[in-house]
Amino acid sequence: MANRPTLLIFIKNPELGKAKTRLAQTVGPERALKIYRALLGHTCQLTQAVDAQRMLFYSSFIDEKDDWPNQDFSKYLQVSGGLGDRMTAAFQQAFEENGGPVLIIGSDCAQLTPAIVEQGIKKLEANDFVIGPAEDGGYYLLGMKKFHPEVFQNVAWSTETVLPQTLEIISSNEWSHALLPVLSDIDYEEDWEKHGWEID
């Protein structure tokens, strides 16, 4: 592949009461924020270990003085709208600025490693799409060689049908795809107990 891959990272600004709201229902907002900060640190470290151009998209405001080094991450604000709209805009910007391939991850997966992201990049050499399925029916990673915004249209976001709907769009357009290992997002207390680590 001629181009260096671009890695999009979607994060929520770590604000008390706004991050990990489902998790906070059982562990409380302070603990939920602490866990989310740990997940952000994990995501920051793993993406720095991947050879890619990194575009970091914040949910509320761009923080130039946070723990994401400005020399390693280009920083942007997610557009307003639903998740599909926000991902479409980010992918479009990445393809226009850098060309392909482009991959996106969030900051909710404690099991994600640099090797899995690199595996995703490698699989895009022979496939139009790569997807990292999440246990809850969504995905923790999606990558594409060329810009196909159709994969973000008519998808019921935050439901267990995200992955099957996305795969249906891909197959109906006769695009090729490869899958990565199934991992778990951290949405609930039991997810963190199972897949997280010790924090104070």
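Below: a short report on this structure. (Residues numbered from 1 in each chain as written. Predicted model: local features only at pLDDT ≥ 70, side-chain atom pairs only at ≥ 80, totals over all residues. Heavy atoms only, no water.)

1. A word on the packing of aromatic side chains
Link 1 in the chain: Taken as a whole and judged by the stated rule, the model has nine aromatic pairs.
Link 2 in the chain: Where Phe 57 meets Tyr 76, the ring centres are 5.1 Å apart and the plane angle is 25 degrees; that geometry is what we call stacked. With a gap of 19 residues between them, Phe 57 in strand E2 (residues 53-58) and Tyr 76 in strand E3 (residues 74-77) connect regions that are remote in the sequence.
Link 3 in the chain: When its relative accessible area of 3% is taken as the criterion, Phe 57 is described as buried. (Phe/Tyr/Trp six-rings, centres within 6.5 Å; stacked < 30°, edge-to-face > 60°. Helix = DSSP H or I, 4+ residues; strand = E, 2+ residues; numbered from the N terminus. Buried < 20%, exposed > 50% of the residue type's maximum accessible area, 1.4 Å probe, protein only.)

2. Regarding the environment of Tyr 188
Link 1 in the chain: Relative to the helices and strands, Tyr 188 resides in the loop between strand E7 (177-179) and helix H6 (189-195).
Link 2 in the chain: In this structure, the C-alpha to C-alpha distance between Tyr 188 and Leu 16, residues 172 residues apart in sequence, is 17 Å.
Link 3 in the chain: Not counting chain neighbours up to four residues away, the residues in contact with Tyr 188 comprise Arg 22 and Leu 23. (Contact = heavy atoms within 4.5 Å.)

3. Points about the nonpolar core
Soluble globular proteins tend to pack their nonpolar side chains together in the buried interior.
Link 1 in the chain: By size, the foremost hydrophobic cluster in this structure holds 38 residues, and its most contacted members are Ile 9, Ile 11, Trp 68, Leu 112, Val 117, Tyr 140 and Leu 141.
Link 2 in the chain: Of all the elements, helix H2 (residues 29-48) adds the most residues to this core, at nine residues.
Link 3 in the chain: Not counting the four nearest positions on each side in its chain, Trp 68 is found in contact with Ile 9, Ile 11, Leu 40, Thr 43, Cys 44, Thr 47, Leu 56, Tyr 58, Phe 73 and Lys 75.
Link 4 in the chain: Of all hydrophobic cores here, the second largest spans 25 residues; its members include Tyr 76, Phe 91, Phe 95 and Ile 104. (Core = buried A, V, L, I, M, F, W, Y, C linked by side-chain atoms within 4.5 Å.)

4. As for unusual backbone geometry
Link 1 in the chain: A cis geometry characterises the amide bond from Gly 100 onward to Pro 101, with omega recorded as 0 degrees.
Link 2 in the chain: Relative to the helices and strands, Pro 101 is located in the loop between helix H3 (83-98) and strand E4 (102-105).
Link 3 in the chain: In this structure, Ser 158 is a non-glycine residue whose phi angle is positive, near 60 degrees.
Link 4 in the chain: Position of Ser 158 among the secondary structure elements: in the loop between strand E6 (139-144) and helix H5 (162-172).

5. Points about the environment of Met 55
Link 1 in the chain: When you line up the elements, Met 55 lands in strand E2.
Link 2 in the chain: Note on Met 55: relative accessible area 2%, which makes it buried.
Link 3 in the chain: Separated by 25 residues in sequence, Met 55 and Ser 80 have C-alpha atoms that sit 17 Å apart.
Link 4 in the chain: If sequence neighbours within four positions are ignored, Met 55 has contacts with Thr 6, Leu 7, Leu 8, Ile 9, Ser 74, Tyr 76, Gln 93, Ala 94, Glu 97 and Asn 98.

6. A closer look at the sheet that holds E7
Link 1 in the chain: Taken in spatial order, the seven strands of this open sheet run E3-E2-E1-E4-E6-E5-E7, and their pairing is mixed. The sheet is open, and its two edges are formed by E3 and E7, each paired on a single side. Across the sheet, the axes of successive neighbouring strands diverge by a mean angle of 20 degrees, strand direction being ignored.
Link 2 in the chain: With four bridges joining them, E4 and E6 adopt antiparallel strand pairing. What sits directly across from Leu 103, in E6, is Gly 143.
Link 3 in the chain: Set on the sheet, H2 makes contact with strand E1 (6-10), E2 and E4; between it and E1 the angle comes to about 175 degrees.
Link 4 in the chain: Contacts from H3 reach E1, E2, E3, E4 and E6 within the one sheet, and its direction differs from that of E1 by about 150 degrees. (Pairing = 2+ DSSP bridges. Axes fitted to C-alpha atoms, helices over the stretch in contact; angles between N-to-C directions.)

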